[in-house]
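Each chain is listed here by its residues.
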Amino acid sequence: MSLATGKGSIDVNDFNFEIRHTAAASFKALLPNTEFEFINTGIIFYAGSLMVILMAYYFMSHSVPLKEKLFNGALTIFFLLVPTFSTTDTIWTTLKHAYSYGTRYSFCFVLYFLVISVKGFLAYKADQNRRLLGKTLLVVLAFYLIIEGASPYSKMNYIGFLMIILYTIVLGWNINRQKSQLVLMVLLGLLSIESLKVTSSYFHFLYFISNAEFETYTQKTTAELEHLKQIDPSVYRFERMFNRTGAYRENKVVNGEALSLQIPGVQHYTSTYDGITNEITDRLGYNISDNIEINYNDSILPSDALLGIKYLYAKEQPSGYKLIKAYDGYDLYENPYALPLGFMVAPANDTSLEISKEDNAFVYQNKLFSTLVGREVEVFEPVTGVSDQRNGSTMTFDLPSLAGEVLYAQFTSADRSEKQLLKNGEVFRKLSGVFSEGVVDLKNDHADSNPDQSGIKLAVEEAPEDLKMVVYKLNSDVLKEVVADLNDQPLKVSQRENNVFAGSIDVVKAGQLLITLPYDDGWQVKVNGEAVAYHNHNGFMAIDLASGTQKIHLVYYPKGLVVGSIVSVLAVTTYVVVFVFLPKRREVRKNKAL
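Attention now goes to the overall build of the protein. The helix and strand inventory of the protein stands at 16 helices and 27 strands. Buried residues in the protein amount to 48% of all 594 residues. Approximately 30,000 Å² of the protein is accessible, and the part contributed by carbon and sulfur atoms is 58%.

L306, Y408 and L486 are the most contacted members of the largest nonpolar core, which has 44 residues in total. Secondary structure elements with two or more residues in this core: α12 (275-284), α13 (301-307), β7 (309-314), β10 (342-345), α14 (361-373), β19 (468-474) and α15 (476-486). For this core, the element with the most residues is α14, which contributes 7 residues. Residue contacts for L306: discarding those within four places in its chain leaves L284, L339, F343, L368, F369, L372, T516 and F540. Core analysis: the next-biggest nonpolar cluster, separate from the first, contains 28 residues, Y58, Y112, F113 and Y167 among them.

A separate point is a nonpolar patch on the surface. Side chains of V572, Y575, V576, V577, V578, F579, V580 and F581 sit close together on the surface and give an oily, nonpolar patch of about 710 Å² of accessible area. In this structure, F581 sits in helix α16 (residues 561-593). Look at F581 and you get partly exposed, because its relative accessible area is 46%.

Our focus in this paragraph is the side chain of N444. Its location among the elements puts N444 in the loop between β17 (439-441) and β18 (456-460). Judged by relative accessible area, which is 2%, N444 ranks as buried. Reaching out from N444, the side chain makes a polar contact with the backbone oxygen of L402 at a distance of 2.5 Å. Within the local environment of N444, its side chain forms a polar contact with the backbone oxygen of E405, the two atoms lying 3.0 Å apart.

Calculation notes
Residues numbered from 1 in each chain as written. Predicted model: local features only at pLDDT ≥ 70, side-chain atom pairs only at ≥ 80, totals over all residues. Heavy atoms only, no water. Helix = DSSP H or I, 4+ residues; strand = E, 2+ residues; numbered from the N terminus. Buried < 20%, exposed > 50% of the residue type's maximum accessible area, 1.4 Å probe, protein only. Areas by Shrake-Rupley, 256 points an atom, 1.4 Å probe, with all protein chains shown as cover. Core = buried A, V, L, I, M, F, W, Y, C linked by side-chain atoms within 4.5 Å. Contact = heavy atoms within 4.5 Å. Patch = residues over 30% accessible without salt bridge, like charges linked within 9 Å, V, L, I, M, F, W, Y side chains within 5 Å. Salt bridge = Lys/Arg side-chain N within 4 Å of Asp/Glu carboxyl O. Polar contact = N/O pair within 3.5 Å; in protein donor to acceptor, adjacent residues only side chain to side chain.

The structure is reproduced here in structure tokens:
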């Protein structure tokens, strides 16, 4: 049983009462530490040492009314426990079960903690109880020691420990004197900047890159994009076969960098289950990790062509691509079959293909391309004569000699653990989550791939019992014919920025315009200035067009944007009325009464 939730769905089992991590992890996330447990648990809110000290003082201060402390104490416990249990987490994230859920309500957490810390600062300013401040320091340090346990302290632990002490010492100044207040603000500012710098450095460390390396990487990537636009101003999509860590064939998504460059790449990260996009990329043979990350680990020439991936940065030539420019350590390649953003397809009464469990990515693409061109085509042909043999924990596959052919393999298994794939006795690729990796390009069309034409031997170490593999070869002649047919009536894009796409198309005969963007309810489509309906064509957008020159205009607004904006405005208005207007009004009435 599942529950539809916007762009995806969650299983009813997500409501099972399950502890996701220890309660100490929530407190630990508020302070600088080595583990940052959100890596495994989703905890990703960082308040900072100063806020924790002031919050602790607020709850220990005798000048704060008991009822107020009880109310805010209950709310604080609620905030800390929400991500701890799967049920409260699922409800809090509006039934969307986001992976990086901590980032979604960490803003609410930190805003609330900031309010309490300000109240704590005002309480300390009012009663100037340094002895209580010292007790607060001891309580916070005790919690810090408890959550760290007896593990050896690293540099990061020492810094966090030191920050707590320094903040407390600075707060111990006489803050009622004007000069002392100025010194206090300067010192707190410097400490906060240092704390943020340390935290930022550690986050970069988590992504295996320093601040300086990231800056160099960003500049280099931006320069590459500008150079690519000079080569081809109409470039729509490009991909990279490696990421900022320099890892090749371990192309983990790093925060959707393609989006920051305004390039709608296949490789991306989304914190919600985007069902349609995942379904498209899964069927086409790309890697999907946990339904939120789509990793472009290998090129698949027909899939790339369909999605308009015209250029690819890689350290090794992908099958079927042509070298355009050599860079230091990697090269730029061009896909000669890349299709435009939109093109006319054959009319079809049923635009949803029937997919069976036996259909792999190659069978699906044959069905899809047949539907698009209106005739039976086989872009991929199965390779026969493949034998397999298990030798202990290693599974080997022997392929016949097919020198020069573009070959792809796809593995299936319920296993998601890391494996090694060997080709002719050498490590071919390191597979992280091997059987969610999608299609593997065997690089068989390279001149040095199989010089003796004796065939290919593949091996998977520590292979699971249910491991299966299929191998298909690309029919290049059929692909050329299919691309030529679909390219006959292309959509000429004249505008592409942020959430807007615009262009024109000369339609010879009335039919359907397929746009290779995932179908979503948030699009607003206009043809020649008039709003028109669009429909789902196997996960893509399709628009019915009459013959003649048609001007297309697409604008995307996220579903729920208007409602969310209204709720936000009402929330801000309520806050201003309750915490600003009403207190001032009560104060005015009180003064009049006096």
